[in-house]
Amino acid sequence: MKMITVSANEAGQRIDKLLAKYLREAPRSFLYKMMRKKNITLNGKKVQGSEILQEGDAIRLFFSEDTLQKFEGKAVQVQMIPKVRLSVIYEDEHILLINKPAGMLSQKSQPRDVSLVEYVISYLLENGSITEETLKSFRPAVCNRLDRNTSGLVIAGKSLAGLQTMSSLLKDRSMKKYYRCIVKGTMQGSRHLKGYLVKDEKTNTVQIQQTPHGDAKMIETEYRVLAGKDGLSLLEVHLITGRSHQIRAHLASIGHPVLGDVKYGDQRLNERYRRSHQITCQLLHAYRLELPVIDGKLDGLSEKVFCAPMPGLYRELVPFDE
């Protein structure tokens, strides 16, 4: 007999969904048959399969060891990855904030890729926040994605509550996101930009237009100039909407592309700074998160502000005082 005590990360789902995670190789028909015969019980009672689980519920599997081994399948495979020291900005039982370096994927794009998600899982396994057993039913994940060559703050959910709460705040835009970037041109003041973004899936690029057309999505971007030097400007950008490549394409559309941006940038300028400063990716950094009032398990994070230090190259190119 095996007993599963429902954890906080497993609560809120149907029992048949959870059983399918623990007994990955078992046909659904087998699971329902075992429930009918009371070989699977919930808190000592017969179940139908549609019951919603609560934290602390006890699921008992009255199976032989051979049957358990057969249907549990192989142990959860944890990808072997190179050791990387994550720059952790904040951590509690629900979330992890990481200062992602440029060049690292936020999530896999190909099965063989190693992304921030894999590094986070490795880190949490090492510090004991999760185990290979808990990975059977819940996997930590990132809530926001940055382009591979964008650095800065990424939120990872360590718990279901963390994932759900942070994803909700991102979706309803109550969490404010600020970026810093170095762009071409001498700029002054601040500006609120509006437009419409159209994505080309084939080329993975976007275009900005001023009127709605076809599948265009409305975008809003605010910026203020922090400093300037040698024909470059350092901006702080408030990302109001969060579309693919929005900041890079929006700034490029007004004649101020991000330095180092190979898709939307000034290639002659990029080449000059590649030779002089070895710049090989866009100088765009997710700098600050401002959280709203939060109810529930993450209420301790209400109105907190988190910042990720910028790479030193930014101050070298455009010195500024906070």
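First, a word on scope: everything that follows refers to the structure included in this document. Bear in mind that the values here come from a model prediction, so they are computed numbers and not experimental data.

### What about the pattern of salt bridges?
- The full count for this structure, using the stated rule, is 14 salt bridges.
- Between Arg-14 and Asp-16 there is a salt bridge, with its nearest N and O atoms 2.7 Å apart.
- Its relative accessible area of 33% is what places Arg-14 among the partly exposed residues.
- One salt bridge in this structure joins Asp-147 and Arg-248, with 2.9 Å as the shortest N-O distance. A residue pair is termed long-range when its members are at least 10 positions apart, and Asp-147 in the loop between strand S7 (141–142) and strand S8 (151–157) and Arg-248 in helix H6 (residues 246–253) qualify at 101 residues.
- The exposure class assigned to Asp-147 is partly exposed, which follows from its relative accessible area of 27%.
- By relative accessible area, which is 6% here, Arg-248 ends up buried.
- Salt bridges sharing common partners tie together Arg-180, Arg-224, Glu-236, Arg-288 and Glu-290.

### A short note on empty space enclosed by the protein
- For the structure on display, the rule yields 1 cavity of 30 Å³ or more.
- The computed volume of the largest cavity comes to approximately 40 Å³.
- The greatest single-element share of the lining of the largest cavity, amounting to 4 residues, is contributed by strand S14 (residues 284–290).
- Among the residues forming the lining of the largest cavity, the class breakdown is 6 nonpolar, 1 polar and 2 charged.

Conventions and cut-offs
- Every chain's residues receive numbers from 1 upward, in the order its sequence appears when written.
- Totals for whole chains, interfaces and linings use every residue, but because this is a predicted model, local features are given only for residues with pLDDT of at least 70 and side-chain atom pairs only at 80 or more, for both listing and counting.
- Side-chain metrics in this entry use all non-hydrogen atoms of the structure; hydrogen atoms and water are not considered.
- Each reported salt bridge corresponds to a side-chain nitrogen of Lys or Arg within 4 Å of a carboxyl oxygen of Asp or Glu.
- Each residue gets one of three labels from its accessible area relative to the maximum for its type: buried under 20%, exposed over 50%, partly exposed in between, using a 1.4 Å probe on protein chains only.
- We count a stretch as a helix when DSSP gives it H or I for four or more residues in a row; a strand needs E for two or more, and each element gets its number in order from the N terminus.
- Cavity: a set of points on a 1 Å grid over the protein atoms alone where a 1.4 Å probe fits but cannot get out. Pocket: an open set with protein on both sides within 12 Å along at least five of seven lines, its lining residues, like those of a cavity, having an atom within 4 Å of a point.
- Grid points are joined across faces, edges and corners, and a volume is the space filled by probe spheres set on the points.
- For this classification, the nonpolar set comprises Ala, Val, Leu, Ile, Met, Phe, Trp, Tyr, Cys and Pro, the charged set comprises Asp, Glu, Lys and Arg, and every other residue, Gly included, is treated as polar.

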